[in-house]
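# Survey of secondary and tertiary structure
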Amino acid sequence: MYDLVGKRNLWFAISALLTIPGLIFILLGGLRPSIDYTGGTEWEVRYANEPGAAEMTDALNELGHEEIAVSELDDGFLRIRTDPIDLIPPETSAPSPSAAPSADPSGSASAAPSGSPTVAASPSAEPSTSATAAPSGSAPPSPSASPDPVVAGTEFADLQAELEDRFGPGEPRSVRTVGPVIGGDLIRSSAILIIIGELFILAYLWIRFGFRFGTAAIVALLHDVIIVVGAFAILGFFFNFEFDALFVTALLTVIGFSVHDTIVVFDRIRENRVRHAGDPFGVIVNHSILQTAGRSIVTSLTVIVPLTALLLLGPPTIATFTLALLIGVLAGTYSSIFNASQILVAWHEWDARRKARATPARAGR
C-alpha cells in the first residue's frame, strides 16, 4: 500500500511553493481589480489612425485625464479606463405641452407631439449622417462603423470628439461608467460573502466532525483560496490581468467544491476508525485517502475538461470566472488528498507526543 501520509512533509513543501509566491505578489499589489471595484469609465474603441496604448495615454493626459489605464486588445481595439466621466446629458427643462414643433432650419430634431411614438426630424439642407453631434472640425464617422454608443451633449461625447480630431474616426464598441460608491459597496459585499461562507462551513464541520477535523478542513480551504487569489496577483503583476465581479462567484464555488471533496475523505476516515480501531491513526488516514482518491480525481476531471474547453473557446466576458474555477478545482483536488487529511495526522501525532512528555512529568510528582 502506497504511503501518502508518510510523505506529508513533501506535500506540505509543495503547498508552500504554490502559495508563498502568490502571497508575495498579493503584498506587492499584483491584484488588478476591474472597473466593477475601482469605479471609473471604461470603453473599447478603434480609431482610423490605430494609435498605440502609449500614444493614447499621452493624448488623454494632455486632455486632463490622469487616472488612465490603456491596454491593446487582440482585435485592434483599445480598452481605455479613466476616472468617472459623465455619460448622461445634463437635465433640461421639458417643453410645454402647447409648444409647437420647431421648424429650425439648422437640422436639429423637432419636438414630437405628446403621445407620438417617434421623433420626427425637420427638413435640413444638409442631412446629418450621425446620431451624435460632433464639434466643428471633427472628421465624419466612418460609414462602416458600428452604432455609436456615445450620447450627444455629454462630457464623454466631448472627449470622443477631441480624440477623433487627433486619431481619425472612431469605432466605439462598448462604454460604461461605475461610480466609486458602487465599487466600494461591491468590495464590502464580496468580502462579507466570503467571510460568511467560511464561517458557516467551519460551524458545520465542527458540528459534524469535531474541532480538529473542522479546523484542518478550513486550513486546506484557505490554501485553495490563496492559490486562486495568488495566481491572479501574479497574472496581474506581469500581464495586467484583471478580476471582475464574477471572480467572487468563482471563489465561492471553489470553496464549496473543496469542502465537498474534503468531507468525503473525512467521512471515510471516521468510518475506518470504527472498522480498524486498533490501527494507528496515520494508517487509517492513509487507507481512507487511497480509497477515495480515485473518486476525487475522476470527479475533478469531469469538471476540469469542460472548464478548459470553455476557457479556450468560450467568450472573453467569462474568462476570469472560468480561469478562477479551473485553478480552484485543481487546488481543491490537491488539498483534499494531500493537505486536509495530512494536517489531521500531523496534529494527532503532535498531540500524542505532547501527552507522552506530560505523562512522566506527572508521574514524577
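The shown structure was predicted, so the numbers you read here are calculated from the model rather than taken from an experiment. (Residues numbered from 1 in each chain as written. Predicted model: local features only at pLDDT ≥ 70, side-chain atom pairs only at ≥ 80, totals over all residues. Heavy atoms only, no water.)

### Here's the deal with the packing of aromatic side chains
Condition: Ring pairs are drawn from Phe, Tyr and Trp, using the six-membered ring of Trp, whenever the two centres fall within 6.5 Å, and their geometry is named by plane angle: stacked under 30 degrees, edge-to-face over 60, tilted for the rest. The helix and strand labels rest on DSSP assignments: H or I over at least four residues marks a helix, E over at least two residues marks a strand, and numbering proceeds from the N terminus. In this scheme, a residue with accessible area under 20% of its type's maximum is buried, one over 50% is exposed, and one in between is partly exposed, where area comes from a 1.4 Å probe on protein chains only.
Taken as a whole and judged by the stated rule, the model has 16 aromatic pairs. Consider the rings of F211 and W347, whose centres lie 5.9 Å apart with planes at 80 degrees: the pair is edge-to-face. Pair noted here: F211 is in helix α6 (residues 211–239) and W347 is in helix α10 (residues 340–363), with a separation of 136 residues, a long-range link. Since its relative accessible area comes to 23%, W347 is described here as partly exposed. Taken together, a centroid distance of 5.1 Å and an interplanar angle of 45 degrees make the contact between F243 and F247 tilted. Neither residue differs from the other here; F243 and F247 are each classed as buried. An aromatic cluster is present here, built from Y37, F232, F241, F243 and F247 joined pairwise through their rings.

### Here we look at the nonpolar core
Defined as follows: What is meant by a nonpolar core is a set of buried Ala, Val, Leu, Ile, Met, Phe, Trp, Tyr and Cys residues, joined one to another through side-chain atoms within 4.5 Å. Two residues qualify as a contact provided that any one of their heavy atoms is within 4.5 Å of a heavy atom in the partner residue.
If you look at the biggest cluster of nonpolar residues, it comprises 53 residues, and the most contacted ones within it are F247, F266 and I269. Elements supplying a minimum of two residues to this core: α5 (180–209), α6, α7 (246–275), α8 (281–313), α9 (319–338) and α10. Once you skip the residues sitting within four places of it in the chain, F247 turns out to touch V228, V229, F232, T320 and A324. Listed in part, the 15 residues of the second largest apolar core include V45, F156, L163 and F167.

### Some remarks on the sheet that holds strand β3 (residues 69–72)
The test is simple: Strands qualify as paired when DSSP identifies two bridges or more between them. Axes here refer to lines fitted to C-alpha atoms; in helices the fit is confined to the stretch in contact. Angles between the N-to-C directions go from 0 to 180 degrees.
The strand order across the open sheet formed by four strands is β3-β4-β2-β5, and the pairing between neighbours is antiparallel. The sheet is open, and its two borders are formed by β3 and β5 (170–178), each paired with just one other strand. Each strand axis lies, on average, 15 degrees off the axis of its neighbour in the sheet, ignoring direction. Each of β2 (40–47) and β5 is contacted by helix α4 (residues 155–167), which is oriented at about 30 degrees to β2, the strand it contacts most.

### Some thoughts on the packing of α8 against α9
What counts here: With respect to orientation, any angle under 35 degrees is reported as roughly parallel, any angle over 145 as roughly antiparallel, any angle of 65 to 115 as roughly perpendicular, and every other angle as oblique. Polar here means any residue other than Ala, Val, Leu, Ile, Met, Phe, Trp, Tyr, Cys and Pro, which are nonpolar, and Asp, Glu, Lys and Arg, which are charged; Gly is therefore polar.
Where α8 contacts α9, the axes come no closer than 10 Å and their chain directions differ by 170 degrees. The orientation of α8 with respect to α9, classified from their angle, is roughly antiparallel. For the pair α8 and α9, the contacting residues are I289, A293, S296, I297, S300, V303, I304, L307, T308, L310 and L311 in the first and A319, T322, L323, L325, L326, V329, L330, T333 and I337 in the second. Split by residue class, the contact of α8 with α9 holds 15 nonpolar, five polar and no charged.

### Some words on the pattern of salt bridges
So the rule is basically this: A pairing counts as a salt bridge when a side-chain nitrogen of Lys or Arg comes within 4 Å of a carboxyl oxygen of Asp or Glu.
Counting across every chain of the model gives 16 salt bridges. Of the charged contacts, one joins R81 and E42 as a salt bridge, the two residues approaching to 3.6 Å between their closest N and O atoms. One end of the pair, R81, is in strand β4 (residues 78–82); the other, E42, is in strand β2, and 39 residues separate them in sequence. Relative accessible area serves as the criterion here: at 11%, E42 is assigned to the buried category. Across the pair R268 and E271 runs a salt bridge whose closest N-O atoms are separated by 3.5 Å. Within this pair, R268 and its partner E271 are both found in helix α7, separated by three residues, close to a single helical turn. For R268, a relative accessible area of 27% puts it in the partly exposed group. One salt-bridge network, held together by shared partners, links E42, R81, R176 and E242.

### Quick word on the pairing of β3
In this structure, β3 lies alongside β4, joined through four bridges in antiparallel fashion. Each bridged residue has a counterpart across the sheet, and for V70 the counterpart in β4 is I80. Counted between consecutive antiparallel strands, the loop separating β3 from β4 contains five residues, among which G76 sits at a positive phi close to 90 degrees.

### Observations regarding a nonpolar patch on the surface
Operational definition: A patch consists of residues exposed above 30% relative accessible area that lack any salt bridge, with like charges linked at up to 9 Å and nonpolar side chains (Val, Leu, Ile, Met, Phe, Trp, Tyr) linked at up to 5 Å. Note on areas: Shrake-Rupley, 1.4 Å probe, and residue coverage restricted to the protein chains presented here.
Residues I20, I24, L28, F237, F238 and F239 make up a contiguous nonpolar surface patch of roughly 640 Å² in combined accessible area. The set of elements that each furnish at least two residues to the nonpolar patch consists of α1 (8–27) and α6. With respect to the secondary-structure elements, I24 resides in helix α1. Residue classification places I24 among the partly exposed residues on the basis of a relative accessible area of 44%.

### Quick look at a negative patch on the surface
The following threshold applies: The charged-residue count follows a simple rule in which Lys and Arg add positive charge and Asp and Glu add negative charge, with His and chain termini not counted at all. A charged residue contributes its charge at one atom only: NZ of Lys, CZ of Arg, CG of Asp or CD of Glu.
A cluster of acidic residues, D86, E155, D158, E162 and D165, forms a negative patch on the protein surface. Inspection of the secondary structure assignment puts E162 in helix α4. Owing to a relative accessible area of 39%, E162 belongs among the partly exposed residues under this scheme.

### What to know about the pairing of β2
In terms of residue burial, β2 counts as a mostly covered element, since seven of its eight residues are buried. As paired elements, β2 and β5 share eight bridges and run antiparallel to each other. Within β5, the position partnered with T41 by the bridge is T177. Here β2 runs beside β4; their pairing, made up of five bridges, is antiparallel. Considered in β4, the bridge of T41 is made with T82.

### Digging into the confidence of the model for the protein chain
Our working rule: The predictor attaches a confidence to each residue, and that confidence, scored 0 to 100, is pLDDT.
In the predicted model, the protein chain carries a mean pLDDT of 80, and the fraction of residues at 70 or more is 79%. When the elements of the protein chain are averaged for pLDDT, helix α2 (residues 35–38) gives the smallest value, 80, and α1 the largest, 95.

### A closer look at the environment of G332
Residue position: G332 is located in helix α9. For G332, a relative accessible area of 0% translates into the label buried.

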